[in-house]
Amino acid sequence: MSPRYLAGSVDLPYVTKAGRVVTKPGYDEETKLYLHMPRGEEVFVPDSPTRDQVRAALAEMMAPWREYRFADEHSAAGMVSAVIAAVERPLFAVCPAWLFEGCQQASGKTQAASSVGAVSEGDRPGVTAFSGSGPGADDELRKRLMAEARGGVRFVCIDNIIGHFKSSALSSVLTSGKLQDRILGRSQSISVDVRSLVTLTGNNASMDADLQRRTVQVRIDAGVNPSHRVFAFSPVNEALRLRRRIAEAVCTVLRAYFAAGAPVVVAGDAGGFGDWNLLCRQVVLWIAREGLAEGVLPWLSLGDPAASMLADPSASDPELESHGDLLIALNALSEGRPFTAAEAHKWHAAGAHDADSVSGQFRS
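Residues numbered from 1 in each chain as written. Predicted model: local features only at pLDDT ≥ 70, side-chain atom pairs only at ≥ 80, totals over all residues. Heavy atoms only, no water.

Draft legend 1. Spotlight on the overall build of the protein chain. Helices and strands together make up the secondary structure of the protein chain, namely 13 helices and 14 strands. Taking all 364 residues of the protein chain together, the buried fraction comes to 48%. Put simply, of all contacts in the protein chain between residues at least 6 apart along the chain, 76% involve residues at least 24 apart. A total of about 17300 Å² of accessible surface is found on the protein chain, and carbon and sulfur atoms cover 52% of it. (Helix = DSSP H or I, 4+ residues; strand = E, 2+ residues; numbered from the N terminus. Buried < 20%, exposed > 50% of the residue type's maximum accessible area, 1.4 Å probe, protein only. Contact = heavy atoms within 4.5 Å. Areas by Shrake-Rupley, 256 points an atom, 1.4 Å probe, with all protein chains shown as cover.)

Draft legend 2. Main features of the environment of Gly223. Within the element layout of this structure, Gly223 appears in the loop between strand 14 (215–219) and helix 7 (235–241). For Gly223, a relative accessible area of 35% puts it in the partly exposed group. With 152 residues separating them in the primary sequence, Gly223 and Ala71 have C-alpha atoms 9.8 Å apart.

Draft legend 3. Layout of the confidence of the model for the protein chain. For the protein chain, mean pLDDT is 87; residues scoring 70 or higher make up 86% of the total. Across residues 320–324 the pLDDT falls below 50, and counting only partners more than four positions away or on other chains, this stretch makes 4 contacts in the model. (pLDDT = per-residue confidence, 0-100.)

Draft legend 4. Layout of the sheet that holds strand 1 (residues 8–10). Strand order in the open sheet formed by 3 strands is 1-5-4, with mixed pairing between adjacent strands. Because the sheet does not close on itself, it has two edges, and the strands there are strand 1 and strand 4 (26–28). With strand direction ignored, the average angle separating the axes of adjacent strands in the sheet is 30°. Pairing of strand 1 with strand 5 (residues 33–35) involves 3 bridges; the strand directions are parallel. Paired with Val10 across the bridge in strand 5 is Leu35. (Pairing = 2+ DSSP bridges. Axes fitted to C-alpha atoms, helices over the stretch in contact; angles between N-to-C directions.)

Draft legend 5. Up close: the packing of helix 4 (residues 137–150) against helix 5 (residues 168–176). As a packed pair, helix 4 and helix 5 sit with axes 8 Å apart at the nearest point and diverge in direction by 40°. Of the residues in helix 5, those in contact with Asp138, Leu141, Arg142 and Leu145 of helix 4 are Ser168, Ala169, Leu170 and Val173. The residue inventory of the contact of helix 4 with helix 5, partitioned by class, reads 5 nonpolar, 1 polar and 2 charged. (Nonpolar A, V, L, I, M, F, W, Y, C, P; charged D, E, K, R; others polar.)

Draft legend 6. The packing of aromatic side chains, seen in detail. Scanning the model with the defined rule gives 5 aromatic pairs in all. With a centroid separation of 6.2 Å and 20° between ring planes, the pair formed by Tyr68 and Phe70 is classed as stacked. Across this residue pair, the class does not change: Tyr68 and Phe70 are buried. By the ring-pair criterion, three or more aromatic residues cluster together here, those being Tyr257, Phe258 and Trp286. (Phe/Tyr/Trp six-rings, centres within 6.5 Å; stacked < 30°, edge-to-face > 60°.)

Draft legend 7. Here's a closer look at the nonpolar core. Core analysis: the largest hydrophobic core is formed by 76 residues, its most contacted members being Met61, Trp65, Met79, Trp98, Trp276 and Trp299. In this structure Met79 touches Met62, Trp65, Phe70, Phe100, Val116, Val218 and Trp299, once residues within four positions along its chain are discounted. Grouped together as the second largest cluster of nonpolar side chains are 22 residues, Phe130, Met146, Phe165 and Val173 included. (Core = buried A, V, L, I, M, F, W, Y, C linked by side-chain atoms within 4.5 Å.)

Draft legend 8. Region of the structure containing the packing of helix 2 (residues 73–88) against helix 8 (residues 243–259). Close contact between helix 2 and helix 8 brings their axes to 10 Å; oriented N to C, the two are set at 105°. Viewed along their axes, helix 2 and helix 8 adopt a mutual orientation that is roughly perpendicular. On helix 8, the residues that touch Val83, Ile84, Val87 and Glu88 of helix 2 are Ile246, Ala247, Val250 and Leu254. Of the residues contributing to the contact of helix 2 with helix 8, the split by class is 7 nonpolar, no polar and 1 charged. (Parallel < 35°, antiparallel > 145°, perpendicular 65-115°, else oblique.)

Draft legend 9. Up close: the pattern of salt bridges. Evaluation of the coordinates by the stated rule reveals 19 salt bridges. Between Arg142 and Asp139 there is a salt bridge; the shortest N-O distance is 1.9 Å. With Arg142 and Asp139 both in helix 4, this residue pair falls 3 residues apart, about one helical turn. Judged by relative accessible area, Asp139 falls into the partly exposed class, the value being 32%. Measuring nitrogen to oxygen at the nearest pair gives 3.2 Å for the salt bridge that ties Arg289 to Glu290. With a relative accessible area of 31%, Glu290 lands in the partly exposed category. Residues participating in the shared-partner salt-bridge network are Arg4, Glu29 and Lys32. (Salt bridge = Lys/Arg side-chain N within 4 Å of Asp/Glu carboxyl O.)

Draft legend 10. Geometry of empty space enclosed by the protein. Enumeration over the complete set of coordinates arrives at 1 cavity of 30 Å³ or more. In this structure, the largest cavity spans a volume of roughly 40 Å³. If you trace the largest cavity, you find it lined by Arg89, Ala93, Val94, Cys95, Val173, Leu174, Gly177, Val194 and Val198. Here the lining of the largest cavity is built from residues that sort into 7 nonpolar, 1 polar and 1 charged. (1 Å grid on protein atoms, 1.4 Å probe; cavity = no way out; pocket = protein on both sides within 12 Å on 5 of 7 lines; lining within 4 Å. Points joined across faces, edges and corners; volume = space filled by probe spheres on them.)

Draft legend 11. Focus on helix 3 (residues 109–121). Over its 13 residues, helix 3 extends 18 Å from the first C-alpha to the last, a length consistent with the 18 Å expected when each residue adds 1.5 Å. Of all 13 residues in helix 3, 10 are buried, a share of seventy percent or more. Tucked into the core, helix 3 has its buried residues touching helix 2, strand 6 (97–102), strand 8 (155–161), strand 12 (197–203), helix 7 and helix 8. (Expected span 1.5 Å × (residues − 1).)

Printed below as a string of structure tokens:
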């Protein structure tokens, strides 16, 4: 008998890409995942959930985040997609990250992200402090991601991003689902699959174009004086207490989606994240279209969790914006005529600052 490939071990019920609910402990041939659950623990997921059952499941799965408010419908949709991903992430070869963002300190962004991690990990998750964007920072992040992937970590949170964030290491991991690195002291490399659910937090953070199109934005509206706000409960503790029921509720919602024919509400795979698009994005869009969350979730109506990924990257990337401004200015100063790099350098060296003198240089 040939050995079977093991993609990972999970301890929550889940729904496959074919719409099948997996609740039986043991190895699953389709997903290559091993489900470990306590003996005698029963999971009930209706084969064709009713509308009332779906609405009840939505309230159950989002209970730890029920006191949050979000800046817009797309952020609210992103929050719902993150909870689904906390259960379904082990099935995805690649998956986007989530940025939990606030406009000021004490907005609850780390609590919101950590509560997702509590569902994924089954324990109070740790966070990784943002190490900046200076020389060597990206290499350090790559090493951290490699260590966590080798350790089988299910949840990663890069906390308190400051300023403009860019990381070729993280962008590569999100796109490929793999990390490759050289073993220290050897001329040998190792490659590992990365199945972690990646989150980031920050106040008014921005990302470069590569990361933006790989990241779901969840902007929290904490109101005035968020430091004075008091939750009636700890979102992380609530997520841990309800973890098994949250997973069952996610499976119920997904099963209802497949029972409805798994409709493609919006075309496209959201930048290559096909599995996430099927089991997270399209499900949230279907919930919104059917009005299933109305009166259940105390938020704005749900939008598209991929909205931030599909937005114009120049709007949030200062480097792209400045490059665009430079090209527009050069085009205007040359009056639309071709010019050489030597001419542009000559103008810069001359220190000319007004359009007339520069235009004269180009004409000479």
